[in-house]
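What the coordinates show
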Amino acid sequence: MFRIGRILLFVFLLSGLLATSFVSEAQKKGPLRPSEPMLKLIENNLKQACSQYKILKGRLPAGRFPKTYFIRTGRMETGEPDAWTSGFYPGTLMYLYQFSKDTSLSNEALQRMKLLEKNADRKDAYDLGFLMYNSYGNAQRLLPSPEYAALLQNSARALAADFNAKVGAIRSRETGKWQFPVTTDGLANLELLFWAARSGGDPALEKIAITHANTTLLNQFRPDYSSYDVVDYDTTNGQVVSRKTARGYADTSAWSRGQAWGLYGFTMLYRFTRDSRYLDQAVHIADFISGNPHLPVDKIPYWDFNAPPFPVPLRDASSAAIMCSALLELCGYTDPKKGQEYVAVAEQIIRSLSFDPYKALVGENGGFLLKHSVGNMPARIEVDVPETYADYYFVEAMMRYRQLGEKRSW
Ligand code: GLY
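All figures in this text were calculated on a predicted structure; none of them were measured in a lab. (Residues numbered from 1 in each chain as written. Predicted model: local features only at pLDDT ≥ 70, side-chain atom pairs only at ≥ 80, totals over all residues. Heavy atoms only, no water.)

1. What about the overall build of the protein chain?
Along the backbone of the protein chain there are 13 helices and 9 strands. Relative to a compact globule of 410 residues, whose C-alpha radius of gyration would be 22 Å, the protein chain shows 20 Å and is just as compact. Oriented by its inertia axes, the alpha-carbon framework of the protein chain measures out at about 60 × 45 × 45 Å. The buried share of the protein chain, reckoned over its 410 residues, is 61%. Counted over contacts in the protein chain with a minimum sequence separation of 6, partners at least 24 positions apart contribute 66%. Computed over 48 positive and 42 negative side-chain charges, the inter-centroid distance for the protein chain is 3 Å. (Helix = DSSP H or I, 4+ residues; strand = E, 2+ residues; numbered from the N terminus. Rg over C-alpha atoms; globule rule 2.2 N^0.38 Å. Buried < 20%, exposed > 50% of the residue type's maximum accessible area, 1.4 Å probe, protein only. Contact = heavy atoms within 4.5 Å. Lys, Arg positive; Asp, Glu negative; His and termini not counted. Charge placed at Lys NZ, Arg CZ, Asp CG, Glu CD.)

2. Let's talk about the site of the ligand
Taken together, W84, Y126, D127, F130, D185, R247, W255, R257 and W261 make up all the residues around the ligand. Side-chain polar atom of D127 to a nitrogen atom of the ligand: 2.7 Å apart, as the coordinates give it. A distance of 3.0 Å separates an oxygen atom of the ligand from a polar side-chain atom of R247. Bound to the protein, the ligand loses 97% of the 200 Å² it would expose on its own. When the residues that make up the shell around the ligand are grouped by side-chain class, the tally is 5 nonpolar, no polar and 4 charged. (Near = heavy atom within 4 Å. Polar contact = N/O pair within 3.5 Å; in protein donor to acceptor, adjacent residues only side chain to side chain. Areas by Shrake-Rupley, 256 points an atom, 1.4 Å probe, with all protein chains shown as cover. Nonpolar A, V, L, I, M, F, W, Y, C, P; charged D, E, K, R; others polar.)

3. Thoughts on the packing of helix α3 (residues 88-100) against helix α5 (residues 128-142)
When two helices pack together, their arrangement is captured by the angle between the axes and the distance separating the axes. Their axes nearest at 8 Å, the elements α3 and α5 cross at an angle of 25°. As summarised for this structure, α3 and α5 are arranged roughly parallel, according to the angle between their axes. For α3 against α5, the interelement crossing comes out left-handed. For the pair α3 and α5, contact is made by F88, P90, G91, M94, Y95, Y97 and Q98 and by F130, N134, S135, N138, A139, R141 and L142, respectively. Here the residues of the contact of α3 with α5 are counted per class, giving 8 nonpolar, 5 polar and 1 charged. (Axes fitted to C-alpha atoms, helices over the stretch in contact; angles between N-to-C directions. Parallel < 35°, antiparallel > 145°, perpendicular 65-115°, else oblique. Left-handed = near helix turned anticlockwise from the far one by under 90°.)

4. Some thoughts on helix α12 (residues 336-353)
Under the 1.5 Å per step criterion, the end-to-end length of α12 is 25 Å for 18 residues, consistent within 8% with the ideal 26 Å. All of the buried residues along α12 are G339, Y342, V343, V345, A346, E347, Q348, I349, I350, R351, S352 and L353. (Expected span 1.5 Å × (residues − 1).)

5. Comments concerning the environment of I71
Structurally, I71 is set in the loop between β1 (65-70) and β2 (75-79). Separated by 295 residues in the primary sequence, I71 and G366 place their C-alpha atoms 7.7 Å from one another. Among all residues touching I71, those that are not within four sequence positions of it are N365 and K371.

6. Remarks on the pairing of strand β8 (residues 373-376)
For a regular strand, side-chain orientation follows a simple rule: the groups alternate between the two sheet faces. With 3 bridges connecting them, β8 and strand β9 (residues 381-385) associate as antiparallel partners. The residue bridging S373 from the neighbouring strand is V385, located in β9. Here β8 folds back onto β9 in antiparallel fashion, the turn holding 4 residues, of which R380 has a positive phi close to 55°. (Pairing = 2+ DSSP bridges.)

7. A short note on the nonpolar core
Among the nonpolar cores identified, the biggest contains 116 residues, and L190, L193 and Y393 are the most heavily contacted of them. By size, the runner-up hydrophobic cluster in this structure holds 7 residues, among which are A169, F180, V182 and Y228. (Core = buried A, V, L, I, M, F, W, Y, C linked by side-chain atoms within 4.5 Å.)

8. Section: helix α7 (residues 185-198)
Burial analysis of α7 places 13 of its 14 residues in the buried class, the great majority of the element. Residue G200 follows α7 closely and has a positive phi angle near 90°.

9. Quick notes on the pairing of strand β6 (residues 230-233)
In β6, alternate side chains face the same way, and those of V230 and D232 on one face and V231 and Y233 on the other are all buried. Of the pairings in the sheet, the one linking β6 to strand β7 (residues 240-244) comprises 4 bridges and is antiparallel in character. Bridging from a neighbouring strand, V230 pairs with K244 of β7. Between β6 and β7, which follow one another and run antiparallel, lie 6 residues, and G238 among them has a positive phi close to 75°.

Structural data, given as C-alpha cells:
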C-alpha cells in the first residue's frame, strides 16, 4: 500500500517539476505563486471531498456528528452536539459549499448546526471556539445572518466565562487531575473571542484573548520553541504548578498536535493584533516543526516528535493538516523567502495527504477524507483512524492554498 503511494507521489512530483518550468496564470497573481499542478491536484481533491462528504452525510444518524470510523469493523463513531469535535463536520461542509456552490452541502451543514445551538449557553465551555466558530463562524462568513451572529456572541461570552484573572487564562479541560489546566489547543479557540469583540461584541473579550495568549507565550514553551501539552496553574496565586502531558509521549516531549495548535494559534493572533511577538513565536514554532530532524521527508509528523523510533511511530495526519493550514496563513506575514519555504512545506503536506495511504478513495473510509490520525495515544483512544478535525483542516488548507497571492478573506 505504501509502495503504490510512493510511486504515485513520484509521478506527481515529476509532473510538478516539468509544469513549474512554465509561468502560469496563477503564478502571476503574487509573490507567493501557487503552482498550477498543485491547483489541479487541489481542485480534484475538493471535488472528491464533495462526493465523499455526501456519502458521510448519508451514513450519519440523526442528531449526531461524525467523529471517526473504524475500517476493520465498518463502524462509524459519532458524537453528541456538545463533543469538542462536533463543529468540524458542518465547518467542512461550509468550506466545500464555498468551493462548489452546491447548496445540498450548505443545507446539510446549516441543518446539522442547529443541534449545536444550545452550546452557546454552556457553563463548561471547554473548546467552544472549535465547536461554534468552526461551524457558525464559517456559516456567518459565507451566509451571514443575525441569528448566527447572536449565537457566536453568546458562545464567546460563555468561553470567556472560564477566564481566571489570577491565572490570566481560560481553563482548557475539565478533569480531576488538574487544578487549572491550560493547553495550546486553547489558542485556536481565541479566534471566536476576536471575532466577537470586532463584530460589535464586548471589547473585553479581546483583552481576555490577549491575556490568555500572553500567559501561554510565557509559560507553555521551551527554549527550543516546542510546547508542553498542559500547564497547570494554582488559582490562588496564578503560579505554575506543573508542566505535564495528557496526550503526548512524555511530559518533556513535543506532542505533534500540540505543536500544530501553537503554530495555528500564534499565526491567527498575529492576524488580529499585528503584535510582532506573536509573529516571532509563530515563526519559531514553524521552524521547530519544519527543521525538526524527526519530521519525515513527506512532512507528515509522527504523533509525537519525540516518540521512540522503534517500533516506527504512527503518523498523525491531523497534525499535518493543521500545520499545513497555519503555514499557508503564516507565509503571507513573513518575508517572501521565508514565506516560500513555508509554502514548500505546505505543498509537500498537501501532496502527501492527497495520495495513498492518507487520502481515502471516494466510497471508502466511511465517508471521511483522510486516514491515519492519532487522537489520544496514551489513552488508546482513536489511534490510527480518520478524524473529523483532520478533514476540516485539510480542506481549509486547500482553500487557503487556492487564495495564495490574492487578497485573503479569512
Ligand atoms: N482539543 C483539541 C485537541 O485535542 O487537539
